[in-house]
Amino acid sequence: MSVRARIRKKEWRSFSRVYGAGEIQAGRLRIEPVHQIPDRIEIGDEFDFWVHNGTDLLLITLESQTEARMHYLRSQWRDHLYIRVQFDFHCLSEPELIKIVQWINDLGIPERGRIRKSRSITVPSGSGV
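Just so you know, these numbers come straight off a predicted model, no measurement behind them. Per chain, residues are indexed from 1 in the order of the written sequence. The model is predicted, so local features are restricted to residues of pLDDT at least 70 and side-chain atom pairs to those at 80 or more, both for listing and for counting; the totals for chains, interfaces and linings are taken over all residues. Side-chain measures here rest on the full set of heavy atoms in the structure, leaving out hydrogens and waters.

**A few points about the overall build of the chain**
Heads up, the condition is: In this description a helix means any DSSP run of H or I spanning at least four residues, a strand means any run of E spanning at least two, and both kinds are numbered starting from the N terminus. The buried label applies to any residue whose accessible area, calculated with a 1.4 Å probe on protein chains only, is under 20% of its type's maximum; exposed applies above 50%, and partly exposed to all values in between. Here the Shrake-Rupley method, with its probe set to 1.4 Å, supplies the accessible areas, and only the displayed protein chains count as covering residues.
Broken down by element type, the chain carries 2 helices and 7 strands. Ordered by position from the N terminus, the helices and strands of the chain form the series α-β-β-β-β-β-β-α-β. For the chain, buried positions account for 36% of its 129 residues. Here the chain displays about 7500 Å² of accessible surface, and carbon together with sulfur accounts for 47% of that area.

**Points about the pairing of strand β6 (residues 81-87)**
Condition: The pairing criterion for strands is at least two bridges between them, as found by DSSP.
β6 sits mainly inside the fold: 6 of its 7 residues count as buried. For strand β4 (residues 57-64) and β6, the ladder comprises 7 bridges, and the chain directions are parallel. Paired with Leu-58 across the bridge in β6 is Leu-81. Pairing of strand β5 (residues 69-74) with β6 involves 5 bridges; the strand directions are antiparallel. In the strand pairing of β6, His-71 is matched with Arg-84.

**As for the nonpolar core**
Which entries qualify depends on this criterion: Side-chain atoms within 4.5 Å are what join buried Ala, Val, Leu, Ile, Met, Phe, Trp, Tyr and Cys residues into a set we call a nonpolar core. In this analysis, two residues are considered to be in contact whenever any of their non-hydrogen atoms come within 4.5 Å of each other.
Residues Ile-31, Leu-62, Ile-83, Val-85, Leu-92 and Ile-104 are the most contacted members of the largest nonpolar core, which totals 27 residues. Elements that contribute at least two residues to this core include exactly β2 (29-33), β3 (46-52), β4, β5, β6 and α2 (94-107). The contacts of Val-85, once residues within four sequence positions are left out, are Thr-61, Leu-62, Glu-63, Arg-69, Met-70, Trp-103, Ile-104 and Ile-121.

**Topic: the pattern of salt bridges**
Where we set the bar: For this document, the term salt bridge refers to a Lys or Arg side-chain nitrogen within 4 Å of an Asp or Glu carboxyl oxygen.
What the rule picks out here adds up to 2 salt bridges. The closest approach of N and O atoms between Glu-46 and Arg-84, which form a salt bridge, is 2.5 Å. Separated by 38 residues along the polypeptide, Glu-46 in strand β3 and Arg-84 in strand β6 bring together distant segments of the chain. In this structure Glu-46 comes out as partly exposed when scored by relative accessible area, which is 38%.

Set out below in structure tokens:
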């Protein structure tokens, strides 16, 4: 077993002990909201989610902004990946949140190493995002 596989198993054991009470699950995708999500979201509001996509543990921050950008950060190769996604949204229901996280997963998640990069993104028009 590789070192990265051992780290993934350790992350999952730690995650499943701490979280799991209010998780949203869709197949192998598990989403744990950190904050309460209000009915109406204003520009500048941000919400954090722990996401386990079957292999990696991610911390995703969704921020309501007019400009669509995505930022990746991992300071050490053993740390979890932090993804900050900025785009225009006004509500976050459970099905919409699952679509957003699957969309982020489909955009591609960097594998290993230290990462610090940003990129512009286009939000899919028919996704309700």
